[in-house]
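Read off the chains here:
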Amino acid sequence: MSRPEHVSPPELFYNEREASKYARSTRMMQIQSQISERALELLNLPDNTHGLLLDVGCGTGMSGSVIEENGHAWIGVDISKDMLDIAATNIKDEGSDGDVVHRDMGTGLGFRGGVFDGAISISAVQWLCYSSHKEHVPKLRLKRFFQELYGALRRGARAVLQLYPETPQQMELITSAAMAVGFTGGVVVDYPNSAKAKKFYLVLSAGQPTQLPRGKDGAGEERPLFHPGRRSA
Amino acid sequence: MKLLTHNMLKCNVKGVNNGYPLKIEVTTKEIRETEMNPAFLQGIVEKLEWPVFRAAAAQLGEEGLPEAVTPELLEQEDFLKKFHRALLEVVVVEGALICPESGRKFTITNGIPNMLLNEDEV
Ligand SMILES: [Zn+2]
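- An unreviewed UniProt entry lists chain B under the name Multifunctional methyltransferase subunit TRM112-like protein, with Hondaea fermentalgiana given as the organism.
- UniProt lists a comment for chain B under the heading Sequence similarities (unreviewed entry), and it reads "Belongs to the TRM112 family."

Following this line, the structure appears as structure tokens:
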């Protein structure tokens, strides 16, 4: 199956039809929830923290639900308005303490300094490596994103970014962009021996060296792909 | 958009030094109940720009928040309820956010602020 990143830019790929299909897929939800749980675990927040988390590429708010089950409030940003409209409905219907903002992470995040106790991102950051518009330079977009992510985090807080790098070079591009703005940390690989289930988590710390946790072994779950629909534009 | 989010958002258009606080224009607002989490409220208070929050709350009809928060207040049920309501239950559904420096207007539709920037603003 082709990678979504090759089909069209995210705001077009996750159009209204794809967004609602995505939101309804139970299997997708299960895998997203598992990845979100793992990302939260890797955030390593102190016990009894009821903090504010940032969800980058929050989509329809699936990981937001997991954040909330763990006792935190969250603000999500996403470039797809169709996804966000579904997230907004879920937030309203579920009486959630989440909230969402329409934003392209490649243009920065636009939050005050030090306000988040942690950030997670599920399957989103690799999108920054693709130039879907001719004026988009991946390196610059990665720099802006990581600069503002670093700034928005409380000192010592972590960001855990689960992503699907297409090549080792892409992982290196993303990691070095993070380190260049001051993050420390590195990549945790879960299920490294399974071609399908292998998951990469970039675990970053804003302002304090961090001891990397170990990746998980075993079988795991594969990337939840759904068949890309026709482009809407 | 909840006032929690408003308190954290700023304008980061290129060249803007002081894109905070964003002015709020309200066309429609709603109260949407959520469960109160006192531990969250006690923790978030130090991260809020309180005067900004208090002014925004008053603008949205949530009067009666104190000028400053004390540890004693954070133990009082009455105060926590007001705080919770203004921070997380009042939602600007339609309206706009306006940067105090550049005047850039960010519209809010379906409760979602549109903070997308044009390429020349990055
Ligand atoms: Zn501005």
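Next comes the rest of the account.
## Things to note about the overall build of chain B
Logical step 1: From N to C terminus, chain B includes four helices and four strands.
Logical step 2: When the helices and strands of chain B are listed from N to C terminus, the series reads α-β-α-α-α-β-β-β.
Logical step 3: Taking 2.2 N^0.38 as the reference for a compact globule, 122 residues should give roughly 14 Å; the C-alpha atoms of chain B span a radius of gyration of 15 Å, in line with that estimate.
Logical step 4: Referenced to the eigenvectors of the C-alpha coordinate spread, the extents of chain B come out at roughly 50 × 30 × 20 Å.
Logical step 5: Across the 122 residues in chain B, those meeting the buried criterion constitute 34%.
Logical step 6: Across chain B, the fraction of contacts at a sequence separation of at least 24, relative to all contacts at a separation of at least 6, is 71%.

## Observations regarding the nonpolar core
Logical step 1: Among the nonpolar cores identified, the biggest contains 94 residues, and Ala39, Phe116, Ala119, Leu149, Leu153 and Val160 of chain A are the most heavily contacted of them.
Logical step 2: Aside from chain neighbours lying at most four places away, what touches Leu149 of chain A is Leu109, Ala119 and Ala159 of chain A.

## What to know about helix H4 (residues 26-43) of chain A
Residue and element names in this part refer to chain A.
Logical step 1: The end-to-end C-alpha distance of H4 is 25 Å, a good match for the 26 Å that 18 residues give at a rise of 1.5 Å each.
Logical step 2: Of the positions making up H4, those classed as buried are Ile31, Gln32, Ile35, Ser36, Arg38, Ala39, Leu40, Leu42 and Leu43.
Logical step 3: Where H4 is buried, its residues contact helix H5 (62-69), strand E4 (116-122), strand E5 (153-163), strand E6 (183-190) and strand E7 (199-206).

## Observations regarding the environment of Thr60 of chain A
Residue and element names in this part refer to chain A.
Logical step 1: Inspection of the secondary structure assignment puts Thr60 in the loop between strand E1 (52-56) and H5.
Logical step 2: Given 29 C-beta atoms within 10 Å, Thr60 falls into the buried group.
Logical step 3: For the pair Thr60 and Gly76, spaced 16 residues apart in sequence, the C-alpha to C-alpha distance is 9.4 Å.

## A few points about H5 of chain A
Residue and element names in this part refer to chain A.
Logical step 1: Counting buried positions along H5 gives seven out of eight residues, so the element sits mostly inside the fold.
Logical step 2: Taken residue by residue, H5 has Met62, Ser63, Gly64, Ser65, Val66, Ile67 and Glu68 as its buried positions.
Logical step 3: Note on H5: the residue one or two positions beyond its end, Gly71, has a positive phi of about 90°.

## Brief notes about the interface of chain A and chain B
Logical step 1: Counting residues at the interface gives 26 residues for chain A and 31 residues for chain B.
Logical step 2: Going through the elements one at a time, strand E2 (73-78), helix H6 (81-94) and strand E3 (98-102) of chain A are the ones with two or more residues in the side of chain A that touches chain B.
Logical step 3: For the side of chain A that touches chain B, the per-class residue count stands at nine nonpolar, eight polar and nine charged.

## Overview of the pairing of E4 of chain A
Residues and elements named next belong to chain A.
Logical step 1: Of all seven residues making up E4, seven are buried, and the element is well covered by its neighbours.
Logical step 2: Inspection of the sheet shows E1 paired to E4 by three bridges, in the parallel sense. The residue bridging Leu54 from the neighbouring strand is Ala119, located in E4.
Logical step 3: With six bridges joining them, E4 and E5 adopt parallel strand pairing. Its bridge partner being in E5, Ala119 is matched across the sheet by Ala159.

## Structural notes on the sheet that holds E3 of chain A
All names here are of chain A.
Logical step 1: Taken together, seven strands build an open sheet; the order of strands is E3-E2-E1-E4-E5-E7-E6 and the sheet is mixed. Two strands bound the open sheet, and with one partner strand each, they are E3 and E6. Pairs of neighbouring strands in the sheet enclose a mean axial angle of 20°, with direction left out of account.
Logical step 2: Strands in contact with helix H8 (residues 168-180) are E6 and E7; relative to E7, the strand with the most contacts, it is inclined by about 10°.

## Comments concerning the sheet that holds strand E1 (residues 23-31) of chain B
Residue and element names in this part refer to chain B.
Logical step 1: Across the sheet, which stays open at both edges, the four strands sit in the order E1-E2-E3-E4 with antiparallel pairing between neighbours. Only two strands of the sheet have a single partner each, and these edge strands are E1 and strand E4 (112-113).
Logical step 2: Pairing analysis gives four bridges linking strand E2 (residues 90-98) to strand E3 (residues 105-109), with the strands arranged antiparallel. By the bridge assignment for E3, Ile98 is matched with Lys105.

Calculation criteria
Residues numbered from 1 in each chain as written. Chains lettered and ligands numbered in written order. Predicted model: local features only at pLDDT ≥ 70, side-chain atom pairs only at ≥ 80, totals over all residues. UniProt positions renumbered as here; feature names shortened; annotations may be inferred. Helix = DSSP H or I, 4+ residues; strand = E, 2+ residues; numbered from the N terminus. Rg over C-alpha atoms; globule rule 2.2 N^0.38 Å. Buried ≥ 20, exposed ≤ 12 C-beta atoms within 10 Å, placed from the backbone. Contact = placed C-beta atoms within 7 Å. Core = buried A, V, L, I, M, F, W, Y, C linked by C-beta atoms within 7 Å. Expected span 1.5 Å × (residues − 1). Nonpolar A, V, L, I, M, F, W, Y, C, P; charged D, E, K, R; others polar. Pairing = 2+ DSSP bridges. Axes fitted to C-alpha atoms, helices over the stretch in contact; angles between N-to-C directions.

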